[in-house]
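Listed here are the chains, written in short residue letters.
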Amino acid sequence: MAHSIQIVHRQDDDRVFIDMPDSPDNPCISCGICCAYFRVSFYCGELSDGLGGFVPAELTSQLTPLMACMKGTETGHGRCIALRGTLGRPGIACAIYANRPTPCREFAAWLEDGTPNPDCQRLRAGIGLPPLAAQRQD
């Protein structure tokens, strides 16, 4: 069994969603750089003003007739409107974590084999955070 703080949810349609617990072992609650670097774009069907959507529409910008993104991330290298706290400091969090869009649910700090995500490692280094260690595989 792998030692992991990531909670992986596999959907019936083969999508993988990652949840990170609110614990001291979670590197995301003292980082947040992915939320201030990537454009967070997703299918408009995830918006709360649509059928069955859950992402608060008022926090998004329309990119195309079928795509939206989180405000602040439209061009990349911009801070998501839902991010609260200071990058690289304990307590940083997503204000809409339970209702975050698919790209946020799918971005993982570790890959399935337990190695750190190279994009996460690069971004962490860019704000002076230490690299993540590989997760122990049992």
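How each quantity is defined
Residues numbered from 1 in each chain as written. Predicted model: local features only at pLDDT ≥ 70, side-chain atom pairs only at ≥ 80, totals over all residues. Heavy atoms only, no water. Pairing = 2+ DSSP bridges. Helix = DSSP H or I, 4+ residues; strand = E, 2+ residues; numbered from the N terminus. Axes fitted to C-alpha atoms, helices over the stretch in contact; angles between N-to-C directions. Phe/Tyr/Trp six-rings, centres within 6.5 Å; stacked < 30°, edge-to-face > 60°. Buried < 20%, exposed > 50% of the residue type's maximum accessible area, 1.4 Å probe, protein only. Polar contact = N/O pair within 3.5 Å; in protein donor to acceptor, adjacent residues only side chain to side chain. Contact = heavy atoms within 4.5 Å. Core = buried A, V, L, I, M, F, W, Y, C linked by side-chain atoms within 4.5 Å. Salt bridge = Lys/Arg side-chain N within 4 Å of Asp/Glu carboxyl O.

Thoughts on the sheet that holds strand S5 (residues 67-70)
- Pairing is antiparallel across the open sheet formed by three strands, whose spatial order is S3-S5-S4. Among the strands making up the open sheet, the edge pair consists of strand S3 (41-43) and strand S4 (60-62). Taken pair by pair, the neighbouring strands of this sheet meet at an average axis angle of 35°, ignoring direction.
- Pairing of S3 with S5, which is carried by three bridges, proceeds in the antiparallel orientation. Directly across from Ser-41, in S5, lies its bridge partner Cys-69.

Details of the packing of aromatic side chains
- All chains considered together, the criterion is met by two aromatic pairs.
- Note on Tyr-37 and Phe-38: the rings are 5.1 Å apart at their centroids and 90° apart in plane angle, and the pair reads as edge-to-face.
- On the basis of relative accessibility, which here comes to 25%, the residue Tyr-37 falls in the partly exposed class.
- Ring centres of Phe-38 and Phe-107 lie 5.6 Å apart, and the angle between their planes is 55°; this geometry places the pair in the tilted category. Here Phe-107 lies in the loop between helix H1 (102-106) and helix H2 (118-126) and Phe-38 lies in the loop between strand S2 (16-19) and S3, a separation of 69 residues in the sequence.

A look at the side chain of Ser-61
- Within the secondary structure, Ser-61 is located in strand S4.
- Only 2.6 Å separates the side chain of Ser-61 from the side chain of Glu-74, close enough to count as a polar contact.
- Beyond its immediate sequence surroundings of up to four residues, Ser-61 is in contact with Ala-68, Cys-69, Lys-71 and Glu-74.

Brief notes about the nonpolar core
- Val-40, Phe-42, Cys-44, Leu-47, Val-55, Ala-57, Leu-59, Ala-68, Met-70, Cys-80, Ala-82 and Ile-96 together form the largest nonpolar core, which totals twelve residues.
- Beyond its immediate sequence surroundings of up to four residues, Ala-68 is in contact with Val-40, Ser-41, Phe-42, Cys-44, Leu-47, Thr-60, Ser-61, Gln-62 and Leu-63.

Examining the pattern of salt bridges
- Under the counting rule described, the total for this entry stands at one salt bridge.
- Here Arg-122 makes a salt bridge to Asp-119, at a shortest N to O gap of 3.2 Å. With a gap of three residues between them, Arg-122 and Asp-119 both fall in helix H2, about one helical turn apart.

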